Amino acid sequence: MAEPKEVWITGIGLLSSLGEGLDAHWEALAAKRVNVDEQRIAPYVIHPIAPVSFDAQIPKKGDQRQMEMWQRIGTYAAGLALDSAGVKGNQEILSRMDMIIAAGGGERDLTVDLAIMNADAQGNLPSGAINEKLMNELRPTLFLAQLSNLRAGNIAIVHGVCGTSRTFMGEEASSIDAARNAVARIGAGQSDIALVGAAHNGDRGDLLMLYQFGGFSLKDRYVPVWARKDKPGFAIGSAGAFLVMESREHAEARGAKPYAKLTKVVADLARRKESGALTRSLEAMWPQLGVNDEHPVLITGATGAEPATAEERAFLSEHPGLAVRATGTTFGHLVEAQFPLGLALAALSISRGALYPANDPTGFEVEKAGAPTQIVVMGAGHYQGEGMALVEAVK
Amino acid sequence: MTAPRDKFGRPIVVVTGMGIVTSLGAGKTDNWKRLTAGESGIKTVTRFPIDGMKTTMAGAVDFVTVDPFSSTSLSERLAVMATEEALEQSAIGSKGDFPGPLFLAVAPIETEWPQRLEVARAVETKDFGLVEYLAACGSGKFTSFHRRFTFGSVALHLAETFGTKGSPISLSTACASGATAIQLGVEAIRRGEADAALCIATDGSVNPEAMVRFSLLSALSTQNDPPQSASKPFSKNRDGFVMAEGAGALVLESYDAAMGRGATILGVVAGCGELTDSFHRTRSSPDGKPAIGCVRKTRADAGMEPNQIDHINAHGTSTPENDKMEYLATAAVFGEHTPNIPVSSNKSMVGHTISAAGAVEAIFSLLTLEHQRIPPTINYEVPDPAIPFDVVGNKARDARVTAVMSNSFGFGGQNASLILTREPA
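Residues numbered from 1 in each chain as written. Chains lettered and ligands numbered in written order. Predicted model: local features only at pLDDT ≥ 70, side-chain atom pairs only at ≥ 80, totals over all residues. Heavy atoms only, no water.

As for the overall build of chain A
Link 1 in the chain: The secondary structure content of chain A amounts to 14 helices and 13 strands.
Link 2 in the chain: A compact globule built from 395 residues should have a C-alpha radius of gyration of about 21 Å, and chain A, at 21 Å, falls within 12% of that.
Link 3 in the chain: In terms of overall dimensions, chain A has a C-alpha envelope of 65 × 50 × 40 Å along the principal axes.
Link 4 in the chain: Going through the 395 residues of chain A one by one, you find that 67% of them count as buried.
Link 5 in the chain: Pairs at least 24 residues apart make up 79% of the contacts formed inside chain A by residues separated by at least 6 positions.
Link 6 in the chain: Measuring between centres, the 37 positive side-chain charges of chain A sit 2 Å from its 45 negative side-chain charges. (Helix = DSSP H or I, 4+ residues; strand = E, 2+ residues; numbered from the N terminus. Rg over C-alpha atoms; globule rule 2.2 N^0.38 Å. Buried < 20%, exposed > 50% of the residue type's maximum accessible area, 1.4 Å probe, protein only. Contact = heavy atoms within 4.5 Å. Lys, Arg positive; Asp, Glu negative; His and termini not counted. Charge placed at Lys NZ, Arg CZ, Asp CG, Glu CD.)

Observations concerning the overall build of chain B
Link 1 in the chain: A count of helices and strands for chain B gives 13 helices and 16 strands.
Link 2 in the chain: Relative to the 2.2 N^0.38 estimate, which gives 22 Å for 425 residues, the radius of gyration of chain B is 21 Å and therefore close to what a compact globule would have.
Link 3 in the chain: In terms of overall dimensions, chain B has C-alpha extents of about 70 × 50 × 40 Å along its principal axes.
Link 4 in the chain: Looking at chain B residue by residue over its 425 residues, the buried ones come to 68%.
Link 5 in the chain: Carbon and sulfur atoms form 51% of the exposed surface of chain B, whose accessible area is close to 13800 Å².
Link 6 in the chain: Side chains of chain B carry 38 positive and 45 negative charges; the gap between the two charge centres is 2 Å. (Areas by Shrake-Rupley, 256 points an atom, 1.4 Å probe, with all protein chains shown as cover.)

What about the pairing of strand β10 (residues 297-300) of chain A?
Sheet faces and side chains relate simply in a regular strand, where the side chains alternate between the two faces.
Residues and elements named next belong to chain A.
Link 1 in the chain: Covered by surrounding structure in β10 are V297 and I299 together with L298 and T300, the residues of both alternating faces.
Link 2 in the chain: The sheet contact formed by β10 and strand β11 (residues 323-326) spans 4 bridges and is parallel. Looking at β11, one finds that T300 is bridged to A326.
Link 3 in the chain: Crossover connection from β10 via helix α12 (residues 308-317) to parallel β11: handedness right-handed.
Link 4 in the chain: Pairing geometry for β10 and strand β12 (residues 374-380), over 4 bridges, is parallel. Looking at the pairing, T300 lines up with M378 of β12. (Pairing = 2+ DSSP bridges. Right-handed = clockwise from strand over helix to strand, strands pointing away.)

Some remarks on the interface of chain B and chain A
Quoted interface sizes are often the accessible area lost when the parts come together.
Link 1 in the chain: Counting residues at the interface gives 77 residues for chain B, matched by 79 residues for chain A.
Link 2 in the chain: Counting the surface lost from both chain B and chain A, the interface buries some 6800 Å², and carbon and sulfur atoms represent 63% of this.
Link 3 in the chain: For the interface between chain B and chain A, the tally reads 8 salt bridges.
Link 4 in the chain: Across the pair A:R185 and B:E187 runs a salt bridge, and its minimum N-O distance is 3.7 Å.
Link 5 in the chain: Summed over the shared surface of chain B and chain A, the result is 31 residue pairs in polar contact (both at pLDDT 80 or more).
Link 6 in the chain: Within the residue set of the side of chain B that touches chain A, elements represented by two or more residues are α3 (113-120), α4 (130-137), α5 (143-149), α6 (153-162), β6 (169-172), α7 (177-190) and α8 (208-216) of chain B. (Buried area = accessible area lost by both parts, 1.4 Å probe. Salt bridge = Lys/Arg side-chain N within 4 Å of Asp/Glu carboxyl O. Polar contact = N/O pair within 3.5 Å; in protein donor to acceptor, adjacent residues only side chain to side chain.)

So, the environment of A:N201
Residues and elements named next belong to chain A.
Link 1 in the chain: Within the element layout of this structure, N201 appears in the loop between β7 (193-200) and α9 (205-213).
Link 2 in the chain: The spacing of N201 and K395 is 194 residues in sequence and 37 Å in space, taken between C-alpha atoms.
Link 3 in the chain: Among all residues touching N201, those that are not within four sequence positions of it are M69, W70, I73, E107, L207, G237 and S238.
Link 4 in the chain: Among the polar contacts made by the side chain of N201, one reaches the side chain of E107 at a distance of 2.8 Å.
Link 5 in the chain: For N201, the side chain forms a polar contact with the main-chain nitrogen of D203, separated by 3.0 Å.

Quick notes on the side chain of B:R116
Link 1 in the chain: Tracing the sequence through the fold places B:R116 in helix α3.
Link 2 in the chain: Take B:R116: its relative accessible area is 3%, and that puts it in the buried class.
Link 3 in the chain: In contact with B:R116, other than residues within four places in its own chain, are A:R108, A:D113, A:M117, B:E110, B:T111, B:Y133 and B:E209.

Side note on the side chain of A:T279
Link 1 in the chain: Take A:T279: it is sitting in helix α11 (residues 277-289).
Link 2 in the chain: Excluding residues that lie within four positions of it along the chain, A:T279 makes contacts with A:E311, A:A314 and A:F315.

Some words on the nonpolar core
Link 1 in the chain: Membership of the largest hydrophobic core comes to 99 residues, with the highest contact counts inside it found for B:Y133, B:L158 and B:F411.
Link 2 in the chain: Counting residues per element, this core draws most heavily on helix α2 (residues 71-90) of chain B, which supplies 8 residues.
Link 3 in the chain: Discounting residues that sit within four places of it in the chain, B:L158 has contacts with B:E76, B:A79, B:V80, B:L102, B:L104, B:G163 and B:I200.
Link 4 in the chain: Grouped together as the second largest cluster of nonpolar side chains are 96 residues, A:A182, B:I169, B:I189 and B:V401 included. (Core = buried A, V, L, I, M, F, W, Y, C linked by side-chain atoms within 4.5 Å.)

Some details on the packing of helix α5 (residues 110-121) of chain A against α3(B)
Link 1 in the chain: Where α5(A) meets α3(B), the axes come as close as 9 Å, and the angle between the chain directions of the two elements is 60°. Taken together, α5(A) and α3(B) sit at an angle that is classed as oblique. Judged by the twist between their axes, the crossing of α5(A) over α3(B) is right-handed. Where α5(A) approaches α3(B), its residues A:D113, A:I116, A:M117, A:D120 and A:A121 are matched on the opposing element by B:W113, B:R116, B:L117 and B:A120.
Link 2 in the chain: Residues of the contact of α5(A) with α3(B), tallied by class, amount to 6 nonpolar, no polar and 3 charged. (Axes fitted to C-alpha atoms, helices over the stretch in contact; angles between N-to-C directions. Parallel < 35°, antiparallel > 145°, perpendicular 65-115°, else oblique. Left-handed = near helix turned anticlockwise from the far one by under 90°. Nonpolar A, V, L, I, M, F, W, Y, C, P; charged D, E, K, R; others polar.)

With respect to the packing of aromatic side chains
Link 1 in the chain: Enumeration according to the criterion identifies 16 aromatic pairs over all chains in this entry.
Link 2 in the chain: An angle of 90° between the planes, with centres 5.4 Å apart, marks the rings of A:F213 and B:F145 as edge-to-face. Taken together, the residues A:F213 in helix α9 and B:F145 in helix α5 connect one chain to another.
Link 3 in the chain: Judged by relative accessible area, which is 1%, A:F213 ranks as buried.
Link 4 in the chain: Aromatic side chains B:F234 and B:F389 sit 5.5 Å apart centroid to centroid with 80° between the ring planes, which places their arrangement in the edge-to-face category. With a gap of 155 residues between them, B:F234 in the loop between α8 and β8 (246-254) and B:F389 in the loop between β12 (373-374) and β13 (390-391) connect regions that are remote in the sequence. A single burial state applies to B:F234 and to B:F389, both of which are buried.
Link 5 in the chain: Aromatic ring contacts, followed pair by pair, group A:F143, B:F214, B:F241 and B:F411 into a single cluster.
Link 6 in the chain: Between the NZ or CZ atom of A:R313 and the centre of the ring of A:F364, over which it lies, the distance is 4.2 Å.
Link 7 in the chain: Geometry around B:W113 places B:R116 over its ring, the cationic atom sitting 4.5 Å from the centre. (Phe/Tyr/Trp six-rings, centres within 6.5 Å; stacked < 30°, edge-to-face > 60°. Lys NZ or Arg CZ within 6 Å of the ring centre and 35° of its normal.)

Observations concerning the state of the cysteines
Link 1 in the chain: Under the defined criterion, the tally for this structure stands at 0 disulfides over all chains.
Link 2 in the chain: Looking at B:C175, it has no disulfide partner, and the nearest cysteine sulfur is the one in B:C294, 14 Å off. (Disulfide = S-S within 2.5 Å.)

Honestly, that's just the spatial picture; any functional story needs more than this.
Following this line, the structure appears as structure tokens:
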């Protein structure tokens, strides 16, 4: 096999509970700002999306109406990434740009759902009545705002990204695999340039239901990820995080500047029924990355859910000297979007020649002096799936 | 001697195992017999009440039961059945130890109505709202619903059952999902990243809400009586697709690896192609350009000329728009060779297996190559003059078939095509 091609991150698009764009995020991280809402769906803690006018990236109101929030956030952030890479509106490039997107499903109509559920609970839902209610009360195009692959569909429609389009599913692991697949394809010459990312809307009762089944929600009061030991769980967050990845040759040929390079992405499916399996999986992945910085940085998507976070912490404790940042403290848990957010913050930090300050009252996160040259991005799903990536400065 | 490669110097990707479940039955033997006999698996739905539905039939797989029922559990079960058959045929690895990655096409997952209502009945207050309902969700009685209705749950079960390697990839590209799963496997083998890949596509989506959703988009046929006549691809009086369930599993291997272990080669995935349509969420571009581009890319990927394709296993959903667009795209790419290509749609008999369709139809394409017999498009009584394909209408046709193109086009502008051949080119 030929040596894999170098993969550069040449575009970053971020929209989150903190705001939009790279400068706004850099400033908010420096100020240790957190946008959290303990009231809206109390006792469940969420991080709502920052106020944004979607017109800037989704100019047609008709397009906005066809989407639910999870799709708007993603389509918006994808547009920011294309702008940042300098390829927005470049038909020649967009028509052959590959898209690998991680997604769950879209918002349900909770008013309709709750009416049906109440009717049933009170014994007022005769057999077959559910069909009629759904037929009469669901908005016909709601389905298109729910289908997992329709975020990619909307990005194609709004921004014209039309090479190939693949939507991966499966919570946290789906975006680790999206990045892994993109790096593999670009590395092997199967793709020159790809848009990779995910988005998540934390203001969603239907998502809370799924996570509440497993008792994973953070309740009552916001606390940073590393301080949740006695009250584990996650607050679902809101963000779109998209990256433009391309081969070094392709970027150089069009004069694009890299934020960083994405050297390696590895992923695993630890058998988590066995205690310690996640820690062992992380240990096994670490040497595959090629970390040689004496004081490396690690940005983790640690959820705060247990036992995953304790197992992750056990791994981190074996690597003293790491400057750790948990994105969950600031952004909440973004599920599919957590890993792309980590990649985005890693590339941003490398391009700005500094790591943003720790925001951790427990002291587990330490400050990092000087410019980071290697940042490891880690993701361990709240329930399954884990992986790591190495983001490095371009030499 | 250097390893056998295709004309672009890439490892050749072969199929060494196939398994299938559709509304026609379980396994290749039954499916092929009934498919070539022109039998339909479409029936009036009996799984749930059909009161108030505009469409009342589907190609549901009723001979497989899961308890408690959920579309996700049925999808998982169908995938297991198809995979067991594929692995037995391939004889690769050992039980519970498949030597490669898993690529799984699966419908988007969410909590389903029976489970949603079960929770509702456990809510302590009357006239409850979201927060009271959430409290019931978190009572600890429903942890199995979290395990069941996370998007990664089917892949987790399959990866553990069959011992695939690495992080399994679950994907959705709507009606093209099955083809995309195969494509991901082909790419991994061509990269030299894997010698074998397990590509599975499954769909058990015949449930009330899924039918309502497609119905509200006016995508489904409403010609309910008789149900087996509803799916009529390429006919003038076609009026929509018929939802169906099924699963297809394929073991892909590099030619080298397959030969090295003395495996029987069932066929070759000679080419894959994909091109996104950005015209509309459900409709395809009126000029057909994206579909044309998709077919062209596939042909280029296989390094084949139009006259080397001697059968098209069409997407052929039986919706007014798809079938017309598929003809336009085919005619644009194949030009004067178009009338020489026999075309057929398996969906006339098995219905549209949605997320599974690309894999189910790839398997039928490979069986067509094996048996040198093209399955019919049934219900072809009133040909649409706007679609002058050589449709293999109503009766199977014996033919010399060396290369089949299998198309998949889906909502969200998803277009994917495969070219399958009997022997390495």
